[in-house]
Amino acid sequence: QLQNKILILTICAAGIGGTFQYGYNISIINAPASYIQVFMNTTWLERMGVPLESNMVLLLWSFTVSAYPLGGLTGAVVAGPMAIMLGRKMSLLLNNVFVIIAAALSGCSRMAKSFEMIMLSRFFTGVNAGVSMNIQPMYLAESAPKKLRGAVALTSASFTALGLVLGQVVGLRELLGGEESWPFLLASNVVPALIQLTALPWFPESPRYLLIDRGDKESCISALQKLRGTSDLSAELEEMLAEQAAVKGQRAKNPWELFQNPALRWQLVSIVVLSSAMQLCGNDSMYFYAAYVFQEAGIPEDKIPYVVIGTGSCELITSVTCNMIIDYAGRRPLLLGGYIFMAGWAIVFMVALSQQTQISWMPYLSMACIFAYILSFGIGPAGVTGVLPTEVFDQMSRPAAYMICGSLLWFNLFLVGTAFPFIVKSLAHFCYIPFLVVCVCTALYVWFFLPETKGKSFLEISEEFRKRNFKTKTRGGFYKGPEEIKTTTL
């Protein structure tokens, strides 16, 4: 049981300062939005002697909000070189510096009478989230035994959902969401960073990184012994040495080299499709609609924040459930089921929205759709998408693959955040049509093109993709002679 203890503690130490921060920092900005906008206006009035126009306040607020995905994009780009040069664990530890800077800036912003400090703080918070979203799943999947790889890597999604819920709870008026305490709310992300800086140094580096990237077999064996709690590592070490031999003489690849390599064609297409779909499927936009739908359902305005916590809790419950079943059910069924259900709920949601004022019970159906949509997202796409780059790319291509994944994730988050208000304006109740199309197309892609990776070694997965990438060449490439004649029946 000791092996499970060390592995579980490693997961917790990596998660609390890793993807937890992504979810936490997305949700803590919502509660003090109106107070920060008042602070911007007051600060401008003190500086210039004239108040800001309402559209200028809105513009400054949108800059503050968009600083987060911009920082995330920067973090995703620097995560690859960090993972290669510093290692997985050291990158996660160093990443906390960005959050500490961010917390200092936002915590002192009101005292310094500077709303620019909040914008800068959100940028640094984004950088931290961008790095951790890439490196944490890589670190955990490389440290996990084959039979638990999916479940261990998927904890990244569980920590994101946990961060989301805790951010919603801490942002309540009774805690840190009040007018006087919002700088402390924005600076509260320093607590998980300090926990990680205290805990993570006690746990080992990724064994695969130590052996394949560093060529340090002794440290690799020592890390494996700590993580597995046993000295019988011959089978796993043999598998890793075969991986090392397969990439011998190669150096870590750059993102553009992945696009040029025909042996990585389908792996790249798969992660591009799935990473883009994760943000373009409309899950985050459901949170945008939540308050309006709950209001229409007759929930008092002061009680809505508590109901919104229920939406975050849905994502947390399903990602934990997904954790338990991913290594039994497999990756494909969870992705496929998630996107098919989301497509179905999107249709029901649009019908319910269009009939909201005509039929008395429609607001309740809309409310059910919000919860069902978030549940469908949490059971598959939310977690499985982050696991796949580790499984379908070899050690030398993996950091570059995560850079591409992360960049797409943050760019699309920014795109949806910017475009969604305009989509709502032009399509009104049918604003979920673009998301419906994305869900259907992604489900079709998973059905026809994505192989199952459950319970396979990294080399077996690479071999499966190699066959797929060179299918057309091998089909008529060489003569198999009698082998083919044997199968002919008269």
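Scoring rules and cut-offs
- Residues numbered from 1 in each chain as written.
- Predicted model: local features only at pLDDT ≥ 70, side-chain atom pairs only at ≥ 80, totals over all residues.
- Heavy atoms only, no water.
- Helix = DSSP H or I, 4+ residues; strand = E, 2+ residues; numbered from the N terminus.
- Rg over C-alpha atoms; globule rule 2.2 N^0.38 Å.
- Buried < 20%, exposed > 50% of the residue type's maximum accessible area, 1.4 Å probe, protein only.
- Contact = heavy atoms within 4.5 Å.
- Areas by Shrake-Rupley, 256 points an atom, 1.4 Å probe, with all protein chains shown as cover.
- Expected span 1.5 Å × (residues − 1).
- Phe/Tyr/Trp six-rings, centres within 6.5 Å; stacked < 30°, edge-to-face > 60°.
- Domains from an automatic or database assignment.
- Buried area = accessible area lost by both parts, 1.4 Å probe.
- Salt bridge = Lys/Arg side-chain N within 4 Å of Asp/Glu carboxyl O.
- Axes fitted to C-alpha atoms, helices over the stretch in contact; angles between N-to-C directions.
- Left-handed = near helix turned anticlockwise from the far one by under 90°.
- Nonpolar A, V, L, I, M, F, W, Y, C, P; charged D, E, K, R; others polar.
- Core = buried A, V, L, I, M, F, W, Y, C linked by side-chain atoms within 4.5 Å.
- pLDDT = per-residue confidence, 0-100.
- Parallel < 35°, antiparallel > 145°, perpendicular 65-115°, else oblique.
- Arc of directions from axis to C-beta.

Peer 1: It is not clear to me how the overall build of the protein should be interpreted in this structure. Could you clarify?
Peer 2: Helices and strands together make up the secondary structure of the protein, namely 24 helices and zero strands. Relative to a compact globule of 490 residues, whose C-alpha radius of gyration would be 23 Å, the protein shows 24 Å and is just as compact. With respect to the three principal axes, the spread of C-alpha positions in the protein is 85 × 55 × 45 Å. Out of the 490 residues belonging to the protein, those deemed buried represent 52%. Of the contacts formed within the protein by residues at least 6 apart in sequence, a portion of 82% connects residues at least 24 apart. If you sum the accessible surface of the protein, you get close to 21,500 Å²; carbon and sulfur atoms cover 69% of it.

Peer 1: In this structure, what is going on with the environment of Gly 75? I would like to understand it.
Peer 2: Position of Gly 75 among the secondary structure elements: in helix 4 (residues 54-85). According to the relative accessible area criterion, Gly 75 is buried, its value standing at 0%. In this structure, Gly 75 is in contact with Val 127, Gly 130 and Val 131, ignoring residues within four places of it in sequence.

Peer 1: Any chance you could explain the side chain of Ser 270 here in plain terms?
Peer 2: By secondary structure assignment, the location of Ser 270 is in helix 14 (residues 265-280). Judged by relative accessible area, Ser 270 falls into the buried class, the value being 2%. Non-local contacts of Ser 270, meaning those with residues more than four positions away in its chain, are made with Tyr 445, Leu 450 and Phe 465.

Peer 1: Teacher, can you tell me more about helix 19 (residues 381-392) here?
Peer 2: Along its 12 residues, helix 19 runs 16 Å from first to last C-alpha, staying within 8% of the 16 Å computed at 1.5 Å per residue. For helix 19, the tally of buried residues reaches 11 of 12 residues, placing the bulk of the element in the interior. When we look at burial in helix 19, the residues that qualify are Pro 381, Ala 382, Gly 383, Val 384, Thr 385, Val 387, Leu 388, Pro 389, Thr 390, Glu 391 and Val 392.

Peer 1: What am I meant to see in the packing of aromatic side chains here?
Peer 2: Aromatic ring pairs are described here by two measures, namely the spacing of the ring centres and the angle between the planes. Enumeration according to the criterion identifies 11 aromatic pairs in this entry. Ring geometry for Tyr 373 versus Tyr 432: centroids 5.6 Å apart, planes at 90°, classification edge-to-face. Of this pair, Tyr 373 sits in helix 18 (residues 362-379) while Tyr 432 is found in the loop between helix 20 (398-427) and helix 21 (433-449), placing the two residues 59 residues apart along the sequence. Taking relative accessible area as the criterion, Tyr 373 reaches 0% and is therefore assigned buried.

Peer 1: Hey, could you run me through the domain arrangement of the protein in this one?
Peer 2: One widely used convention gives an interface's size as the accessible area the parts lose upon coming together. Splitting the protein by domain gives domain 1 (1-203) and domain 2 (257-471). The C-alpha-based centres of domain 1 and domain 2 are spaced at 22 Å. Of the roughly 3,300 Å² buried between domain 1 and domain 2 on both sides combined, carbon and sulfur atoms contribute 68%. Together, Arg 149, Leu 154 and Gln 168 form the three largest contributors to the area buried by domain 1 at its contact with domain 2, with a combined 18%.

Peer 1: What's the story with the environment of Cys 314 in this structure? I'm lost.
Peer 2: Along the chain, the position of Cys 314 falls in helix 16 (residues 304-329). Cys 314 gets classed as buried once you look at its relative accessible area, which sits at 10%. Expressed as a C-alpha distance, the spacing of Cys 314 and Gly 378, which sit 64 residues apart in the sequence, is 7.7 Å.

Peer 1: Explain the pattern of salt bridges here, please?
Peer 2: Oppositely charged side chains are able to pair whenever their charged atoms sit close together. The tally for this structure, following the rule as stated, stands at 14 salt bridges. Residue Glu 46 pairs with Lys 113 through a salt bridge whose shortest N-O separation is 3.4 Å. With Glu 46 in helix 3 (residues 33-48) and Lys 113 in the loop between helix 5 (88-112) and helix 6 (116-143), this pair connects stretches of sequence that are 67 residues apart. By relative accessible area, which is 46% here, Lys 113 ends up partly exposed. When the shortest N-O distance is used, the salt bridge between Glu 142 and Arg 88 registers 2.9 Å. Taken together, the residues Glu 142 in helix 6 and Arg 88 in helix 5 connect sequence positions 54 residues apart. Residue Glu 142 is classed as buried on the basis of its relative accessible area, which comes to 0%.

Peer 1: Can you walk me through the packing of helix 2 (residues 19-28) against helix 6 in this structure?
Peer 2: Running from N to C, helix 2 and helix 6 cross one another at 140°; their axes reach a closest spacing of 7 Å. Between helix 2 and helix 6 lies a crossing whose hand is left-handed. Contact residues: Thr 19, Gln 21, Tyr 22 and Asn 25 in helix 2; Arg 122, Thr 125, Asn 128, Ala 129, Ser 132, Met 133 and Gln 136 in helix 6. Tallied by class, residues from the contact of helix 2 with helix 6 come to three nonpolar, seven polar and one charged.

Peer 1: Looking at this structure, how should I read the nonpolar core?
Peer 2: Note on soluble globular proteins: their nonpolar side chains tend to be buried together. Grouped together as the largest cluster of nonpolar side chains are 70 residues, with contacts concentrated most on Tyr 339, Trp 410 and Tyr 432. Residues within four places of Trp 410 in sequence aside, it is in contact with Tyr 22, Tyr 68, Pro 69, Gly 72, Leu 73, Ala 76, Gly 126, Ala 129, Gly 130 and Met 133. Counting residues in each nonpolar core, the second largest holds 40 residues, with Ala 14, Ala 79, Ala 83 and Val 131 among its members.

Peer 1: Honestly, the confidence of the model for the protein in this entry has me stumped. Any pointers?
Peer 2: Close inspection of predicted coordinates is inappropriate for parts of the model with low pLDDT. Of the residues in the protein, 95% have a pLDDT of 70 or more, and the chain-wide mean is 86. Across the protein, the element-wise mean pLDDT spans from 38 in helix 24 (residues 482-486) up to 96 in helix 9 (residues 190-199). Low confidence marks residues 474-490, where pLDDT is under 50. Its contacts with residues over four positions away, or in another chain, come to one contact.

Peer 1: Help me understand the packing of helix 19 against helix 20 in this model?
Peer 2: What describes two packed helices is the angle between their axes and the distance between those same axes. Where helix 19 contacts helix 20, the two axes come as close as 8 Å, and the packing angle between them is 150°. With respect to each other, helix 19 and helix 20 are oriented roughly antiparallel. In the packing of helix 19 onto helix 20, the handedness of the crossing is right-handed. Residues Gly 386, Val 387, Pro 389 and Thr 390 of helix 19 form the contact with helix 20, whose participating residues are Arg 398, Tyr 402 and Cys 405.

Peer 1: For this particular structure, what's the right way to read helix 22 (residues 458-469)?
Peer 2: An α-helical turn contains 3.6 residues, so any two residues separated by three or four positions project in the same direction. Given a rise of 1.5 Å per residue, 12 residues ought to cover 16 Å, and the 16 Å separating the end C-alpha atoms of helix 22 matches this to within 8%. Three or more residues of helix 22 are buried, namely Phe 458, Ile 461, Phe 465 and Asn 469. End-on, the buried residues of helix 22 take up no more than an arc of 75°, which puts them together on one face.

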